[in-house]
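# Chains, contacts and geometry: an overview
Now for the letters of each chain:
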Amino acid sequence: MASKKDIPTNTVSKIKQLRKQEISIKTLVDGIFQGDKAILAQAITLLESSKPEHFEKANSIIEKCLSKPNESIRIGITGVPGVGKSSFIEVFGKMLTGLGKKVAVLAVDPTSTLTRGSILGDKTRMETLAKDPNAFIRPSPSGESLGGVARKTRESIILCEAAGYDIILVETVGVGQSETVVHSMVDFFLLLKLSGAGDELQGIKRGIMEMADAIAINKADGDNLKKAKLAETEFSRALHLYPPKENGWTPKVMSCSSIENKGISEIWKMIADFISKNRKNGHFEKNRKIQNKNWFLQTVDEQLKQFFHQKKYYKESKEKMLKAVEQNKISPFYAAKTLLDNITKELK
């Protein structure tokens, strides 16, 4: 996180005050609409809360924010750890703010399965962008979400758009499964790759290639430039093995360097071209509608899970089944069926 000396004193004071008091829905919504970063951060914290009393309040805020029209572009950025996602996003974000855009970065940090802790260090890795008045960076713990995507990332996108951010960048932790989840909530999906690290073959093997709207070979500088160009050719050939996308878009392969700031503006021009074409042919709006339906279905699954987990009979039955499975008295599959049968009886 950027040090306190880099943040205006009045902002630090305001954040402290907000943490101490319970703010009304109207105050939060008004602050979001005015682009108040401290209020926006407070509202996202409310969304991420697991406390039942915060659920209705968070939903009211989301409903009000959904009513505010916006023309935002949602971009998912993924890649294996070490590919340079944070460096790329910082340079890409600064380029966009230089064009007069307001940029929000929703970065998900992996949560330890042992300590439940997260580093949340994206503001440190993107220090220059964090100081930009037209940028908002929100690192969130992944918790137990599939593949490391924060449970409330979709809702956070809605709030950022209501706050006036034109470009929403969603960064994944790059652990394998998060790509599918992020792909389901963005308009454009960018896959960052490395050259000369065995990543070419790995990329071809994984289904991630089918989801990517573009591939950027990062760190194409210095001694690595020649390898990057070779990787660019190999990935271009690999993409021809996949069926054409429904929207008629042919995925592009480009090279870039965050260190030398090369190829960054070209990537934005390509994304802008993609968005323009998809808006004209109707696929942009169609994709948003499909994503909203999937969001609904996934939310139903999530809330059903929470509903059962909070019930006393579920907890008691689960403990009995766990002991029986541990002692090899019952198979895990039959134990699961028995547990669900018990829950069904209780609900009748």
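All of these numbers come straight from a predicted model, not from anything done at the bench.

Tracing the chain through its elements places S257 in the loop between β7 (252–255) and α13 (264–281). Residue classification places S257 among the buried residues on the basis of a relative accessible area of 0%. A polar contact is formed between the side chain of S257 and the side chain of D221, at a distance of 2.6 Å. A distance of 3.5 Å separates a polar side-chain atom of S257 from the backbone nitrogen of I259. Other than its neighbours up to four places away in sequence, S257 contacts N218, K219, A220, D221, K262 and I264.

This brings us to the environment of G164. Relative to the elements of secondary structure, G164 occurs in the loop between α8 (153–162) and β4 (167–171). Sequence separation between G164 and V103 is 61 residues; the distance between their C-alpha atoms is 9.1 Å.

So, on to the nonpolar core. With 46 residues, the main nonpolar core has I32, L40, L159, C160 and I215 as its most contacted residues. Broken down by element, the residue count for this core peaks at six residues, all from helix α3 (residues 37–48). With residues up to four places along the chain from it excluded, the contact list for I32 reads I39, L40, A43, I61, C65, L159, A162 and A163. The next biggest cluster of nonpolar side chains, apart from the first, holds 36 residues, and it includes I73, L129, A216 and I267.

What follows is about the pattern of salt bridges. Enumeration over the complete set of coordinates arrives at 14 salt bridges. For R279, the salt bridge identified is with E71, shortest N-O distance 3.7 Å. Here R279 is found in helix α13, whereas its partner E71 is found in the loop between α4 (52–66) and β1 (73–78), with 208 residues between them in sequence. Assessed through its relative accessible area of 35%, R279 is described here as partly exposed. Note that R74 and E161 form a salt bridge whose closest N and O atoms lie 2.7 Å from each other. Remark: E161 occurs in helix α8 and R74 occurs in strand β1; sequence separation between them is 87 residues. The pair R74 / E161 is uniform in exposure class, with both members buried.

What counts, and where the lines are drawn
- Residues numbered from 1 in each chain as written.
- Predicted model: local features only at pLDDT ≥ 70, side-chain atom pairs only at ≥ 80, totals over all residues.
- Heavy atoms only, no water.
- Helix = DSSP H or I, 4+ residues; strand = E, 2+ residues; numbered from the N terminus.
- Buried < 20%, exposed > 50% of the residue type's maximum accessible area, 1.4 Å probe, protein only.
- Polar contact = N/O pair within 3.5 Å; in protein donor to acceptor, adjacent residues only side chain to side chain.
- Contact = heavy atoms within 4.5 Å.
- Core = buried A, V, L, I, M, F, W, Y, C linked by side-chain atoms within 4.5 Å.
- Salt bridge = Lys/Arg side-chain N within 4 Å of Asp/Glu carboxyl O.

Nothing here speaks to function; it is geometry throughout.
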